[in-house]
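Descriptive analysis of the structure
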Amino acid sequence: MGGCAPIFALSAQANQVQTTEVLVIGAGVAGLTAASELLKKDHDVIVLEGRDRIGGRIWTDHSLGAPIDLGASWIHGDNGNPIKRLADNNNIQLFTTDFGQGSIYDNQGNLLSDAAITRVEGRFGQVEGRFYELKDEVSQDISLAQALTMQSPYQGLSETERQALDWLLEFNIELDLAADLDELSLLSWEEDETFGDTDILFPGGYEQIINLLTPGLDIRLNHFVESVTYDDAGVKVSTFNGVFEAQHAIITLPLGVLQHGVVEFSPNLPTRKQRAIDRLGMGAFSKIALRFPNVFWPAESHYFGNVVGSPWTEYWNLDVMAQLPIIVGLSPGSLARSLESMTDVQMAELAMQDLRATFGTNISEPIGMVVTRWASDPFALGAYSYNAVGSTLSDRDTLGEPAGNLFFAGEATSSSFPGTVHGAHLEGLRAAREIDDL
Ligand SMILES: Cc1cc2nc3c(=O)[nH]c(=O)nc-3n(C[C@H](O)[C@H](O)[C@H](O)COP(=O)(O)OP(=O)(O)OC[C@H]3O[C@@H](n4cnc5c(N)ncnc54)[C@H](O)[C@@H]3O)c2cc1C
């Protein structure tokens, strides 16, 4: 974190210790859910947030003329999903993604033929089938990349089809889990639960869900937490803007922040919890939103991609939803990390190289852009958690266990729905229940 400036700005209020019943650290979906649930049950709560905004990894940008989600975009699954229910109950407009409406190109800028797509999708299905078999065959955890080498996925495919299979592995697995195949655990792969396959976007932005959770809450922005001291008597939290004491605290710090020891816990977190933190992986996932003067890509496609192997795996066509010539490029894992080390212009240039290779050199230049850097964001230090080789879903339950007067929630504590907004929301409800039940 850059510097001490806020310390010099300490107010008179900041010099006093402020007390409440429950402190919630983090104003993302888990923290806000927990806080609003506790408020409904008449508990006194203060939410401490280090950023100058709420929402955490839900962050809707408006600078390009349409709401663009730079963190979470989709409601994953509509069958019993509590986020879908929240949206429906509040008449929030939704837009269902049609994965059948995609355009996939080869390195010459030609659309892949239906026959090639069928062949490659069939091969991808076989790869997944073999992953499932290998789970029963291996004596210890291996990576998905290793599991791929234990089969012959490319046999009989043309050069373009091989590239397309690699692209599909990136699209279907690495983008989903925000990590590379060689980082991902085979034994934990596909062990989590879903609310179905439907993916739904918010034309008005995901922030609408965040805004539903805030009424009546005491949220302190710019309260970067440095240390948490806890014992049987309660919890003391030191921030850049003062000290707070409470009977209990709910910690919703992202896994990346916990892994890097940004916040000092005294006493140290229990060894089994710290081991779980160390075993799990924190993924990377970058986005670039580009606004153009006109649409030069297939107007009806929900997304498109070029199998040629760009750091930007795919582009989503916001024009179908927002009626503005905007595309959003997505990039997972190590590709995303390498993009983060570039300037904004370099990131955009890589996207433009893709677009020119696919749609020709006469396409227009962007008139606006936004990029993300979640892995180097000190309040996230990654996009969302994944099960690294050797970790299990039960590590997430361990991470979510109370430690004295500390309670834990967030996407990473969810063994059922890791890496999702609904997982974080359900964990926030669980942590609030644990305190209310005391
Ligand atoms: C690029 C990207 C795409 C995604 N796409 C999807 C998607 O399509 N669908 C989906 O369901 N999920 C998606 N996710 C995951 C989803 O965004 C998260 O699972 C969810 O928002 C996490 O909520 P949380 O409350 O656990 O954590 P956060 O939202 O990160 O909340 C934690 C809060 O703690 C604060 N904090 C951190 N350090 C400190 C400190 N020292 N002091 C005080 N406060 C601190 C942070 O600022 C943050 O506000 C995506 C995430 C990213 C990054």
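Counting from 1, residues in each chain are numbered in the order their sequence is written. Confidence filtering applies because this is a predicted model: local features only for residues at pLDDT of at least 70, side-chain atom pairs given and counted only at 80 or more, and all residues used for totals across whole chains, interfaces and linings.

Right, let's get into the overall build of the chain. A run of H or I in DSSP counts as a helix once it spans at least four residues, and a run of E counts as a strand once it spans at least two, with each numbered from the N terminus. Scanning the chain for helices and strands turns up 15 helices and 21 strands. Relative to a compact globule of 438 residues, whose C-alpha radius of gyration would be 22 Å, the chain shows 22 Å and is just as compact. By definition, residues are in contact whenever their C-beta atoms, placed on the basis of the backbone, come within 7 Å of each other. Within the chain, residue pairs in contact and separated by at least 24 positions form 73% of the contacts whose partners lie at least 6 positions apart. Here the globule rule reads 2.2 Å times residues to the power 0.38, and the radius of gyration is calculated from C-alpha atoms.

To continue, consider the site of the ligand. The local shell around the ligand holds 40 residues, among which Gly26, Gly28, Gly50, Gly56 and Glu411 are the closest. Put simply, the parts of the chain that give the shell around the ligand at least two residues each are α3 (29-40), β15 (285-291) and α15 (421-436). The element best represented in the shell around the ligand is α3, accounting for 3 residues. For this scheme, ten residues count as nonpolar: Ala, Val, Leu, Ile, Met, Phe, Trp, Tyr, Cys and Pro. Four count as charged, namely Asp, Glu, Lys and Arg, and the remainder, Gly too, count as polar. Class assignment for the residues of the shell around the ligand results in 23 nonpolar, 12 polar and 5 charged. In this entry, near means the residue's backbone-placed C-beta atom lies within 6 Å of the molecule or strand.

Turning next to the sheet that holds strand β18 (residues 326-332). Ordered by their spatial adjacency, 6 strands build an open sheet running β7-β16-β17-β18-β15-β19, and the pairing between neighbours is mixed. The two strands at the open ends of the sheet, each matched to only one other strand, are β7 (102-105) and β19 (368-371). In this sheet, neighbouring strand axes are inclined to one another by 20° on average, regardless of whether the strands run parallel or antiparallel. Bridging between strand β16 (residues 303-306) and strand β17 (residues 314-317) involves 2 bridges; their strand directions are antiparallel. Bridged to Tyr303 within β17 is Trp316. The convention used is that axes are lines fitted to C-alpha atoms, helices contributing only their stretch in contact, and that angles between N-to-C directions extend from 0 to 180 degrees. In the packing of helix α13 (residues 344-359) onto the sheet, the strands contacted are β7, β15, β16, β18 and β19, and the crossing angle to β15 comes to about 70°. At least two bridges found by DSSP between two strands is the condition for calling them paired.

A word on unusual backbone geometry. Note the cis peptide between Ser266 and Pro267, where omega equals 0°. Structurally, Pro267 can be placed in the loop between β13 (264-266) and α10 (271-279). Look at Asn91: it is not a glycine, yet its phi comes out positive at around 50°. Its location among the elements puts Asn91 in the loop between α4 (82-89) and β6 (95-96). Partly exposed residues are those whose C-beta has more than 12 but fewer than 20 other C-beta atoms within 10 Å; 20 or more makes a residue buried and 12 or fewer makes it exposed, with C-beta atoms placed from the backbone. With 7 C-beta atoms counted inside 10 Å, the residue Asn91 sits in the exposed group. Its identity as a non-glycine residue notwithstanding, Gln323 has a phi of 55°, on the positive side. Structurally, the position occupied by Gln323 is in the loop between α11 (319-322) and β18. On the basis of neighbour count, Gln323 is assigned to the exposed category, with 11 C-beta atoms found within 10 Å.

The geometry of α3 relative to α15 is characterised by a closest axis approach of 7 Å and an angle of 35° between their N-to-C directions. Between α3 and α15 lies a crossing whose hand is right-handed. Of α15, the residues touching α3 (which contributes Val29, Ala30, Gly31, Thr33, Ala34, Glu37 and Leu38) are Val421, Ala424, His425, Glu427, Gly428, Leu429, Ala431, Ala432, Ile435 and Asp436. Broken down by class, the residue content of the contact of α3 with α15 amounts to 10 nonpolar, 4 polar and 3 charged. Should the near helix be turned anticlockwise from the far one by less than a right angle, the crossing is left-handed, and should it be turned clockwise, the crossing is right-handed.

The next point concerns the environment of Asp319. Take Asp319: it is sitting in helix α11. C-alpha of Asp319 to C-alpha of Ser301: the two residues are 18 residues apart in sequence and 9.3 Å apart in space. Not counting the four nearest positions on each side in its chain, Asp319 is found in contact with Val295, Ala299, Leu324, Pro325 and Ile326.

Bringing the nonpolar core into the picture now. Joined through C-beta atoms within 7 Å, a set of buried Ala, Val, Leu, Ile, Met, Phe, Trp, Tyr and Cys residues constitutes a nonpolar core. With 105 residues, the main nonpolar core has Leu23, Ile25, Ala249 and Ile250 as its most contacted residues. No other element matches α3, which puts 6 residues into this core. Among residues more than four places away in sequence, those in contact with Ala249 are Val22, Leu23, Ile25, Val228, Val235, Val237, Asn405 and Leu406.

Turning our eyes to something else, we now look at the pairing of β18. Where burial is concerned, most of β18 is hidden: 7 out of the 7 residues are buried. Sheet topology note: the β15/β18 ladder contains 7 bridges and is antiparallel. What sits directly across from Ser286, in β18, is Ser331. Relative to β18, β17 runs antiparallel, the two sharing 4 bridges. Counted as the bridge partner of Tyr315 is Gly329 from β18.

Moving on: helix α7 (residues 159-177). Within an α-helix, residues lying three or four positions from one another point in the same direction, as the helix has 3.6 residues per turn. With 19 residues, α7 should cover 27 Å at 1.5 Å per step; its first-to-last C-alpha distance of 26 Å lies within 8% of that length. Here the bend at a residue means the angle between the axes of two seven-residue stretches, the one that ends at it and the one that starts at it. Of all the bends found along α7, the most pronounced is centred on Glu170 and spans about 30°. Within α7 the residues assigned to the buried category are Glu161, Gln163, Ala164, Leu165, Trp167, Glu170, Phe171, Ile173, Glu174 and Leu177. Backbone geometry just after α7 places Ala178 at a positive phi near 60°. To estimate the expected span of a helix, count its residues, drop one, and scale the result by 1.5 Å.

Turning to the pairing of β16, a few remarks are in order. A regular strand places its side chains so that they alternate between the two faces of the sheet. The alternating pattern of β16 places Tyr303 and Gly305 and Phe304 and Asn306 on opposite faces, both of which are buried. Inspection of the sheet shows β7 paired to β16 by 4 bridges, in the parallel sense. Across the sheet, Tyr105 pairs through a bridge with Asn306, a residue of β16.

We now examine the confidence of the model for the chain. You can read pLDDT as the predictor saying how much it trusts each residue, on a scale of 0 to 100. In this model, the chain carries a mean pLDDT of 95, and residues with pLDDT of at least 70 account for 97%. Note on residues 1-12: pLDDT is under 50 here. Beyond four places in sequence and across chains, it has 8 contacts.

Moving on, we get to α15. Compared with the 22 Å implied by 1.5 Å per residue over 16 residues, the 23 Å span of α15 between its first and last C-alpha is a close match. Within the span of α15, buried status applies to Val421, His422, Gly423, Ala424, His425, Leu426, Glu427, Gly428, Ala431, Ala432 and Ile435. Residues of α15 that are buried in the fold lie against β1 (17-25), α3, α4, β12 (242-251), α14 (393-400) and β21 (406-408).

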